[in-house]
Amino acid sequence: MKGLPDAPRPAGLLPPFTAEHEQLRASLRRFVEAELVPHADAWERERWFPDELFPRMGELGFLGLRYPLEYGGQGGDHLHEAVLAEELSRCRSAGVAAGLGAHISIATPPIWGFGTEDQRQRYVVPAITGERIAALGITEPGAGSDVASLRTRAERVEGGWVVNGEKAFITNGVRADHLVAAVRTGEQDGHGGISFLIIDTDQPGYAASKLDKLGWHASDTALIALQDVFVPQENLLGKAGDGFKLIMANFQWERLAMALGAVAAMQDVFERTLAYAMQRSAFGRPIGRFQAIRHRFAEMATTIEASRSLTYHALRRFHASEDALREVTMAKLLSQRASFEVADACLQIHGGAGYMVEVGIERAVRDARLGPIGGGTDEIMKEILGRSMGL
Ligand SMILES: Cc1cc2nc3c(=O)[nH]c(=O)nc-3n(C[C@H](O)[C@H](O)[C@H](O)COP(=O)(O)OP(=O)(O)OC[C@H]3O[C@@H](n4cnc5c(N)ncnc54)[C@H](O)[C@@H]3O)c2cc1C
């Protein structure tokens, strides 16, 4: 699928998507159904999905949808990646979607956006083929929401830096070949003095251990210790001291991708539950025919539609390079909590079956719980919105 076709937009499609995006959606959906869904249960049990998934997706062109053809990409843009975020979230394991999504949507874009041509060749090109796996390391044990308080320090030495510190909760942190890491290079505290380094994880002094967690079981979430890790000068990403700007720039797409994923995940669990409510009977009728349950579906459908509309509105603004800070923040805030609540309501409609692992609904609830925390918590989204109103 080298080079995306340039198709006109027929009536009836949901903007900003065109027929070309729907073709991509169809091929992604086939891939997800044939190559991810059948393995989701096993990968969840194993608490891991195979690294080979990256080169497989690279081969299909899915890791480089928005990058130019000359870098091995598909020549598309953020809208193509938006379709990917939606379709991956139907794979029945948010852990798989998160591992792939961290590589595609949060760890590789900063190198593309802020990197030199040499860095693009060394890191973006093999990320597009899936030969190298990427992780983004911002959070630390002592600095999450308050990113400006991060303490991992890079000291200048001849030819580069030596890094010491810790990173926490890093998706792909164990399997990654490189970590795009926020570090303190300057003497200043707070926002200033933060820079980004691309750290090769095979360097001596890089140690990552996998953390156990409530959901996202198939993904690798790591605690990373960095002890005297050497990083060459040519792996400074962007300008020294400009790291905070990079963090903020990256958050917009991460949050939008999370909102897109949450809406699609809600739709998926809703559809599965609707089918269940029509075939499961109690007191002589399908449970979906009880008013209490019918109303629950009505509420969920309204929530999903509202989340989708706001998310697509934010996506349109983002894609048009308009200021989308408020819309993206609102979409992230609304969709993540909604996704958890919809999944929980769907579990309730499944009754005892919903509590059973084999039915797959309990996983949807556990997986959705990360949304109001990851990529900036609900409280931080409200802070951003409140401040945007001058409060
Ligand atoms: C599974 C998983 C995967 C992750 N993947 C990555 C990754 O790949 N890369 C990465 O860098 N990070 C990653 N994270 C980290 C994630 O972004 C942080 O957990 C998140 O930003 C919150 O930071 P924290 O956990 O330190 O919470 P804290 O900042 O300690 O917050 C604790 C509580 O205090 C609240 N709070 C904090 N400040 C305020 C305030 N000003 N007003 C009101 N309430 C406030 C928070 O909302 C929260 O409820 C991941 C986390 C998880 C759980």
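Residues numbered from 1 in each chain as written. Predicted model: local features only at pLDDT ≥ 70, side-chain atom pairs only at ≥ 80, totals over all residues. Heavy atoms only, no water.

Caption draft 1: Main features of the pairing of strand β2 (residues 153-157). Bridge count for β2 against strand β3 (residues 160-171) is five bridges, and the pairing is antiparallel. Directly across from Glu 155, in β3, lies its bridge partner Val 162. Between β2 and β3, which pair antiparallel in sequence order, lie two residues; one of them, Gly 159, sits at a positive phi of approximately 85 degrees. (Pairing = 2+ DSSP bridges. Helix = DSSP H or I, 4+ residues; strand = E, 2+ residues; numbered from the N terminus.)

Caption draft 2: Spatial organisation of the packing of helix α3 (residues 78-88) against helix α4 (residues 94-107). Relative to each other, α3 and α4 sit at 165 degrees, their axes nearing to 10 Å. Judged by the inter-axis angle, α3 sits roughly antiparallel to α4. The handedness of the crossing between α3 and α4 comes out as left-handed. When α3 is examined against α4, the residues Glu 81, Leu 84 and Leu 88 are found in contact with a partner set consisting of Ala 97, Leu 100, Ile 104 and Ser 105. When grouped by side-chain class, the residues that make up the contact of α3 with α4 number five nonpolar, one polar and one charged. (Axes fitted to C-alpha atoms, helices over the stretch in contact; angles between N-to-C directions. Parallel < 35°, antiparallel > 145°, perpendicular 65-115°, else oblique. Left-handed = near helix turned anticlockwise from the far one by under 90°. Contact = heavy atoms within 4.5 Å. Nonpolar A, V, L, I, M, F, W, Y, C, P; charged D, E, K, R; others polar.)

Caption draft 3: Inspection of the side chain of Arg 90 at higher detail. You can see Arg 90 is positioned in the loop between α3 and α4. Residue Arg 90 is classed as buried on the basis of its relative accessible area, which comes to 15%. Once residues within four sequence positions are removed from consideration, Arg 90 is found in contact with Arg 29, Val 32, Val 37, Asp 268 and Glu 271. (Buried < 20%, exposed > 50% of the residue type's maximum accessible area, 1.4 Å probe, protein only.)

Caption draft 4: Structural detail: the site of the ligand. Around the ligand lies a shell of 17 residues, among which Thr 139, Ser 145, Phe 169, Thr 377 and Glu 379 are the nearest. Between an oxygen atom of the ligand and a side-chain N or O atom of Ser 145, the distance comes to 2.6 Å. In this structure, a nitrogen atom belonging to the ligand sits 2.9 Å away from a side-chain N or O atom of Thr 171. When isolated, the ligand has an accessible area of 980 Å², and the protein chains bury 64% of it. Among the elements of the structure, β1 (134-137), β3 and α12 (378-388) are those that each provide at least two residues to the shell around the ligand. The biggest single contributor to the shell around the ligand is β3, with three residues. Here the residues of the shell around the ligand sort into eight nonpolar, eight polar and one charged. (Near = heavy atom within 4 Å. Polar contact = N/O pair within 3.5 Å; in protein donor to acceptor, adjacent residues only side chain to side chain. Areas by Shrake-Rupley, 256 points an atom, 1.4 Å probe, with all protein chains shown as cover.)

Caption draft 5: Structural detail: the pattern of salt bridges. By the definition in use, this model includes 25 salt bridges. Where Asp 268 meets Arg 90, a salt bridge forms, and the shortest distance between an N and an O atom there is 3.9 Å. Of this pair, Asp 268 sits in helix α7 (residues 243-279) while Arg 90 sits in the loop between α3 and α4, and the two are 178 residues apart along the sequence. Ionic contacts of the salt-bridge type, sharing partners, join the residues Glu 22, Arg 25, Arg 29, Glu 86 and Glu 87 into one network. (Salt bridge = Lys/Arg side-chain N within 4 Å of Asp/Glu carboxyl O.)

Caption draft 6: Region of interest: the UniProt feature "domain: Acyl-CoA dehydrogenase/oxidase C-terminal" (unreviewed entry) in the chain. Following the UniProt record, one finds the feature "domain: Acyl-CoA dehydrogenase/oxidase C-terminal" (unreviewed entry) at residues 241-389. Annotated as 77% helix and 3% strand, the span residues 241-389 places its first and last C-alpha atoms 29 Å apart. (UniProt positions renumbered as here; feature names shortened; annotations may be inferred.)

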